[in-house]
Amino acid sequence: LLEIPMGLSLAEATSLVDLAEAKRRTLMICHTQRYWAASQEIKRRIGAGEFKLHHYHVEWHFFRRKNVNWMGRERSWKDSILWHHGGHVVDHVIWLFGERPDSARAHFGPPSVSLGIPLDMSAQLRFPGGGLATLMLSYNAIVPKVTQRITLIGEEDYLVFEDGRLIDKDGNKLVDESNEAAIPRQNLEFVESVREGREPLTSAKEMSRSYEALDRLEKSALV
C-alpha cells in the first residue's frame, strides 16, 4: 500500500507497475479521493444515469513554500504540485468521467526561488464524451489551512463539494463526512483485495491512465 505520488514521472510509475507484476504482488496507491463518501455518491449517480457530468472544476489552495510534508517534516524528495496533488485531482476526474482525456494541457507558474520548482498550476482536460475539467492548484496561497472546493456542473444538477459536504443546486446536503473518514475505507479495500486475490480500486495498474495524463500535461507545459 503506497502513498501518493507513486512516482514523479511516467517512467517511475511504470517501473513500479512492472515490478509488482514480476513479483506477483498487489500494489495499491493511496488515491484517497476515490474513497470519499461524496466521490462514491457522485460516481453512483453517474453510473445510474442520474447525473451526466459536463464540467469538473477544482480549486485547491495550500501554503507550502518549504519542502515539508503535512506534518511539517522535511521531505527526502522534492514535492511536485503536478505529480502529487495534481495526481489526486487528475485521477479523480478520469475516474468520474470513466474515460481517458483526448486533450490535456497545462501551464505552470514561475519556479520558486527557494525550491526551484513551480508552486502554481492551471490545467484543462477534455474527454471524448464532451466533458471538461478545469484544475487550479497552488502551493503559494496564504491560507490558514488547506482549502479545496470541487464544483461539478451536470445536466441534471449542480454539485459542490467542500469541507466534506456535498451540496446540490437546491442547497440540500447530500453527504457530510470528514475526508479523513475515507482512509479506513481505503485501507480496508487493500486488505480485502489481497484476501480475495483481485485488483483493488486504486491499483497501480489502474493508475496507469492517470499517470499517462499527468505525463501529457507536463509535456504540454514545455511547448
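Here's what I pulled together on the structure shown here. Here the residue numbers are simple positions, counted from 1 along each chain's written sequence. Whole-chain, interface and lining totals are the exception, using all residues; otherwise, since this is a predicted model, local features are given only for residues with pLDDT of at least 70 and side-chain atom pairs are given and counted only at 80 or more. In computing side-chain values, all of the structure's heavy atoms are included and hydrogens and water are not.

### Quick word on the overall build of the protein chain
Then, number 1: Helical segments are the DSSP runs of H or I of at least four residues, strand segments are the runs of E of at least two, and each set is numbered from the N terminus. When helices and strands are tallied, the protein chain shows five helices and eight strands.
Then, number 2: Element order for the protein chain, N to C, with α for helix and β for strand: α-α-β-α-β-β-β-β-β-β-β-α-α.
Then, number 3: The C-alpha radius of gyration computed for the protein chain amounts to 17 Å, which stays within 12% of the reference 17 Å derived for 223 residues, consistent with globular compactness.
Then, number 4: Expressed as lengths along the three principal axes of its C-alpha atoms, the size of the protein chain is roughly 45 × 45 × 35 Å.
Then, number 5: We call a residue buried when its accessible area falls under 20% of the maximum for its residue type, exposed when it is over 50%, and partly exposed in between, using a 1.4 Å probe and counting protein chains only. Burial statistics for the protein chain: of 223 residues in total, 44% are counted as buried. Here the radius of gyration uses the C-alpha set of atoms, whereas the globule reference equals 2.2 Å times the residue count to the power 0.38.

### Quick look at the pattern of salt bridges
Then, number 1: Take a side-chain nitrogen of Lys or Arg and a carboxyl oxygen of Asp or Glu: if they are within 4 Å of each other, that pair is a salt bridge. Summed over all chains, the structure comprises 18 salt bridges.
Then, number 2: Two residues, Glu50 and Arg44, come together in a salt bridge whose shortest N-O distance is 3.2 Å.
Then, number 3: By relative accessible area, which is 39% here, Glu50 ends up partly exposed.
Then, number 4: Judged by its relative accessible area of 39%, Arg44 is partly exposed.
Then, number 5: Through salt bridges that share partners, Arg34, Asp91, Glu206 and Arg209 make up one connected network.

### Quick notes on helix H1 (residues 10–23)
Then, number 1: Helix span, as expected, comes to 1.5 Å for every residue beyond the first. Relative to the 20 Å expected for 14 residues at 1.5 Å per residue, H1 spans 20 Å between its end C-alpha atoms, a close match to the ideal helical length.
Then, number 2: Here a residue-residue contact requires only that any non-hydrogen atoms of the pair lie within 4.5 Å. Taken together, the buried residues of H1 touch helix H5 (208–221).
Then, number 3: Phi turns positive, to about 55°, at Arg24, one or two residues after H1.

### Points about the packing of helix H2 (residues 37–47) against helix H3 (residues 81–97)
Then, number 1: Working convention: axes come from line fits to C-alpha atoms, limited for helices to the stretch in contact. Angles between N-to-C directions cover 0 to 180 degrees. Here H2 crosses H3 at 30°, and the two axes come no closer than 9 Å. Considering the angle they form, H2 stands roughly parallel to H3. Side by side, H2 and H3 meet where Ser39, Gln40, Ile42, Lys43 and Ile46 of the first sit next to His92, Trp95 and Leu96 of the second.
Then, number 2: The nonpolar class holds Ala, Val, Leu, Ile, Met, Phe, Trp, Tyr, Cys and Pro. Asp, Glu, Lys and Arg form the charged class, and all remaining residues, Gly among them, are polar. Residue composition of the contact of H2 with H3, grouped by class: four nonpolar, three polar and one charged. Here the angle decides the label: under 35 degrees means roughly parallel, over 145 means roughly antiparallel, 65 to 115 means roughly perpendicular, and every other value means oblique.

### Let's talk about the environment of Gln33
Then, number 1: Structurally, Gln33 can be placed in the loop between H1 and H2.
Then, number 2: Separated by 131 residues in sequence, Gln33 and Gly164 have C-alpha atoms that sit 11 Å apart.
Then, number 3: Side chain to side chain, Gln33 and His92 meet in a polar contact 3.2 Å long. Here a polar contact means two N or O atoms within 3.5 Å. Within protein one must be a hydrogen donor candidate and the other an acceptor candidate, and residues neighboring in sequence count only if both atoms are side-chain atoms.

### Some details on the pairing of strand E8 (residues 173–176)
Then, number 1: Here strand E7 (residues 165–167) runs beside E8; their pairing, made up of three bridges, is antiparallel. Bridge pairing in E8 links Leu166 to Val175.
Then, number 2: As consecutive antiparallel partners, E7 and E8 are separated by five residues, and within that stretch Gly171 has a phi angle of approximately 85°, a positive value. Here, strands pair whenever DSSP counts at least two bridges between them.

### Digging into the sheet that holds strand E1 (residues 53–61)
Whenever strands of a sheet pair, they do so through backbone hydrogen bonds, lying parallel or antiparallel.
Then, number 1: Strand order in the open sheet formed by eight strands is E2-E3-E4-E1-E5-E6-E7-E8, with mixed pairing between adjacent strands. Edge strands, defined here as strands with exactly one partner in the open sheet, are strand E2 (103–108) and E8. Within this sheet the neighbouring strands show an average axis-to-axis angle of 10°, counted without direction.
Then, number 2: Note that strand E6 (residues 158–162) and E7 share three bridges and pair antiparallel. Bridged to Val160 within E7 is Ile167.
Then, number 3: Packed on one face of the sheet, H3 meets E1, E2, strand E3 (120–126), strand E4 (132–138) and strand E5 (147–154) and runs near 160° to E1.
Then, number 4: Across the sheet, H5 lies against E2 and E3, angled at about 55° from E2, the strand it touches most.

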